[in-house]
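Architecture at a glance
The lines below spell out each chain.
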Amino acid sequence: MKAPLYVGLVHYPIYDKNFRVVATAITNYDLHDLARSSRTYGVKQYFIIHHVAGQLDMVHKILDFWRGPVGKKYNSYRTAAFDIVSVQPDVAAAVAAVTAAEGQRPYVVTTDARTYANTISYRELRWRREKEDKPILLLFGTGYGMTKEMMEKFDFILEPIYGAGDYNHLSVRSAAAIILDRLAGEEWWQ
């Protein structure tokens, strides 16, 4: 039995390109693409982590459309993906939601293009998911990444995704799909 997997897309506190702390904007693609990837890989809940009312209003309008009769009729696959989406105001609330649902605090894991003392390999995290019953909350940052103070609070940071060359700047949606495949996809190497 694999431990439950949760995903969160963090929009605050995030660095901008000048390393100022900001709240990033939610994009329509963040909702659609990450919901679809999360649903494909068996994620129990995909959290949009944001606290700005105007941004959350947009999220709720999009979710209401796709969960309503017109959206369901137009594309029921999209509705099924949005069934696992919920909103949390911050990372602590997402951790609390997983803890309440699962009866224990999850491993809180994030990603970065750099390595840290608590960096974990995909192989090790996948092994933990398959052998332990502790849930995993996998967080993805937006903008130029989560603040240093946030990064220091997490249990693990996944090793970077390395491509074929020295360019390393994937969109969060592309990185999330790759990471979900590595952690929850078929064991194609067997």
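Definitions and cut-offs
Residues numbered from 1 in each chain as written. Predicted model: local features only at pLDDT ≥ 70, side-chain atom pairs only at ≥ 80, totals over all residues. Heavy atoms only, no water. Helix = DSSP H or I, 4+ residues; strand = E, 2+ residues; numbered from the N terminus. Rg over C-alpha atoms; globule rule 2.2 N^0.38 Å. Buried < 20%, exposed > 50% of the residue type's maximum accessible area, 1.4 Å probe, protein only. Contact = heavy atoms within 4.5 Å. Lys, Arg positive; Asp, Glu negative; His and termini not counted. Charge placed at Lys NZ, Arg CZ, Asp CG, Glu CD. UniProt positions renumbered as here; feature names shortened; annotations may be inferred. Core = buried A, V, L, I, M, F, W, Y, C linked by side-chain atoms within 4.5 Å. Arc of directions from axis to C-beta. Pairing = 2+ DSSP bridges.

The name given to the protein in an unreviewed UniProt entry is SAM-dependent RNA methyltransferase, with Megasphaera vaginalis as the source organism.

**Some details on the overall build of the protein**
Regarding its fold elements, the protein presents 8 helices and 9 strands. Over its C-alpha trace the protein gives a radius of gyration of 16 Å, about what one expects of a compact globule, namely 16 Å for 190 residues. Dimensions of the protein, computed from C-alpha atoms along their principal axes, come out at roughly 45 × 45 × 40 Å. Counting only residues that meet the buried cut, the protein has 46% of its 190 residues in that class. Look at the contacts in the protein between residues 6 or more apart in sequence, and 79% of them connect residues 24 or more apart. Charge separation in the protein, taken as the distance between the mean sites of 23 positive and 21 negative side-chain charges, equals 4 Å.

**Let's talk about the UniProt feature "domain: tRNA (guanine-N(1)-)-methyltransferase C-terminal" (unreviewed entry) in the protein**
Sites flagged by UniProt as "domain: tRNA (guanine-N(1)-)-methyltransferase C-terminal" (unreviewed entry) map to residues 5-185. Structurally, residues 5-185 comprises 44% helix and 19% strand, and the distance from its first C-alpha atom to its last is 12 Å.

**Observations concerning the nonpolar core**
Counting residues in hydrophobic clusters, the biggest one holds 36 residues, and the most contacted among them are Tyr46, Phe82, Val109, Leu138, Phe140, Leu158 and Ile179. The leading source of residues in this core is helix α8 (residues 172-184), at 7 residues. Once residues within four sequence positions are removed from consideration, Leu138 is found in contact with Leu5, Tyr6, Val7, Gly8, Val109, Thr111, Leu158, Ile179, Leu180 and Leu183. If you look at the next biggest cluster of nonpolar residues, it comprises 17 residues, including Ile14, Leu137, Met151 and Ile157.

**Remarks on the environment of Arg20**
Note that Arg20 resides in the loop between β2 (14-15) and β3 (21-22). Taking the C-alpha atoms as reference points, Arg20 and Phe154, 134 residues apart in sequence, are found 21 Å from one another. When near neighbours in sequence (up to four residues on either side) are disregarded, Arg20 contacts Ile14 and Tyr15.

**Focus: helix α6 (residues 122-131)**
Three or more residues of α6 are buried, namely Tyr122, Leu125, Arg126, Arg128 and Arg129. Looking down the long axis of α6, one finds its buried residues gathered within 155° of arc, a one-sided arrangement. Along α6, exposed side chains directed more than 90 degrees from the buried face belong to Arg123 and Lys131.

**A few points about the pairing of strand β6 (residues 107-111)**
Burial runs high along β6: 5 of the 5 residues are buried. Here β6 shows no split at all, with Tyr107, Val109 and Thr111 on one side and Val108 and Thr110 on the other all buried. Bridge count between β6 and strand β8 (residues 136-141): 4 bridges; the pairing is parallel. From the neighbouring strand, Tyr107 faces β8, where its bridge partner is Ile136. Looking at chain direction, β6 and strand β9 (residues 156-158) are connected through 3 bridges and run parallel. Following the sheet pairing, Val109 is matched in β9 by Phe156.

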